[in-house]
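Okay, here's what each chain looks like letter by letter:
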Amino acid sequence: MTTDDGEGTDAGGVDWDARAATFDEEPDHGLRDPEVRAAWAARLKDWLPGRPGDVLDLGCGTGSLSLLAAEQGHRVTGVDRSPAMVQPARQKLAGRHAAFLTGDAARPPVDGERYDAVLVRHVLWTLPEPGRVLRRWRDLLRPGGRLVLVEGVWGTVSPVGIPVDRLTALLAPLTARVRVERLSGDPALWGREVDDERYAVVALRE
């Protein structure tokens, strides 16, 4: 879940290497609660391709969503700037068809590979020039592939994030096939009730 050129540190100065040891303690990060885990697994099954494919998980953190995707038969490549995040991701998916790379989610080090889905959760809002980044991610897809973007706006006093209207506007030049799914009303995803804006966008490459 890191995006800047500083190793393990994002553009906001957050040291994700330092946070890696406790990252999974958040219910929607570690997915340790069976109900939370099941809720995310059900959403991913709907968002990702119906048949096993190649999934690129950008800003993968400790690999919790990568593991769910692998359990559904997908071949997963995860990318995160933080080596301390990538290490537990590799441990979680040991023995599965998965690989993890240390690198920038905005410029994934995947050497021209193409994917059936690019999965990104809570990363795009941190990046400068999100329109350019979305175009780059779209170009990583095979024809008919899909971008799966989980984003939101968090907080009320000093909110941070990317509103859904802005994200769909950024996607408009790239594809007309965009589906929005509101997530705020499903407390099982977060381990608690939430009242801020949380959503997923699935955008197909035409």
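Residues numbered from 1 in each chain as written. Predicted model: local features only at pLDDT ≥ 70, side-chain atom pairs only at ≥ 80, totals over all residues. Heavy atoms only, no water.

### As for the environment of Thr-62
In step 1: Looking at where Thr-62 falls in the secondary structure, it is placed in the loop between strand S1 (54–58) and helix H4 (64–71).
In step 2: You can call Thr-62 buried: its relative accessible area is 1%.
In step 3: Sequence separation of Thr-62 and Arg-90 is 28 residues, and the distance between their C-alpha atoms is 8.1 Å.
In step 4: At 3.0 Å, the side chain of Thr-62 forms a polar contact with the side chain of Lys-92. (Helix = DSSP H or I, 4+ residues; strand = E, 2+ residues; numbered from the N terminus. Buried < 20%, exposed > 50% of the residue type's maximum accessible area, 1.4 Å probe, protein only. Polar contact = N/O pair within 3.5 Å; in protein donor to acceptor, adjacent residues only side chain to side chain.)

### Focus: the nonpolar core
Burial of nonpolar side chains together is a common tendency in soluble globular proteins.
In step 1: Ranked by size, the top nonpolar core spans 32 residues in total, and within it Trp-40, Leu-44, Trp-47, Leu-48, Leu-65, Leu-68 and Leu-183 carry the most contacts.
In step 2: Residue contributions to this core peak at six residues, all from helix H3 (residues 34–47).
In step 3: Apart from the residues within four sequence positions on either side, Leu-68 is in contact with Leu-31, Arg-37, Trp-40, Ala-41 and Leu-44.
In step 4: In terms of nonpolar packing, the next biggest core, distinct from the first, is built from 27 residues, Ala-105, Tyr-115, Leu-124 and Leu-171 among them. (Core = buried A, V, L, I, M, F, W, Y, C linked by side-chain atoms within 4.5 Å. Contact = heavy atoms within 4.5 Å.)

### A closer look at the packing of aromatic side chains
In step 1: This model, assessed by the stated rule, comprises three aromatic pairs.
In step 2: When the ring of Trp-40 is compared with that of Trp-190, the centres are 5.4 Å apart and the planes differ by 85°; the resulting orientation is edge-to-face. Here Trp-40 is found in helix H3, whereas its partner Trp-190 is found in helix H8 (residues 187–190), with 150 residues between them in sequence.
In step 3: Trp-190 sits in the buried class, given a relative accessible area of 2%. (Phe/Tyr/Trp six-rings, centres within 6.5 Å; stacked < 30°, edge-to-face > 60°.)

### A few points about the pattern of salt bridges
In step 1: The tally for this structure, following the rule as stated, stands at 14 salt bridges.
In step 2: For the salt bridge of Glu-181 with Arg-43, the shortest nitrogen-to-oxygen distance reads 2.4 Å. Here Arg-43 lies in helix H3 and Glu-181 lies in strand S7 (residues 178–182), a separation of 138 residues in the sequence.
In step 3: In this structure Glu-181 comes out as buried when scored by relative accessible area, which is 16%. (Salt bridge = Lys/Arg side-chain N within 4 Å of Asp/Glu carboxyl O.)

### Quick notes on the confidence of the model for the protein
Detailed reading of the predicted coordinates is not advisable wherever pLDDT falls low.
In step 1: Confidence in the prediction of the protein, expressed as mean pLDDT, is 90, and 89% of residues score 70 or more.
In step 2: Predicted confidence is poor over residues 1–6, with pLDDT under 50, and the contacts of this stretch with residues over four places away or in other chains come to 31 contacts. (pLDDT = per-residue confidence, 0-100.)

### Here's the deal with the pairing of strand S2 (residues 75–80)
Successive residues of a regular strand alternate their side chains across the two faces of the sheet.
In step 1: Burial within S2 is extensive, with five of its six residues counted as buried.
In step 2: Note that the unit made of S1, H4 and S2 has a crossover that is right-handed.
In step 3: With respect to chirality, the unit in which S2 leads through helix H5 (residues 83–92) into the neighbouring parallel strand S3 (residues 98–102) is right-handed. (Right-handed = clockwise from strand over helix to strand, strands pointing away.)

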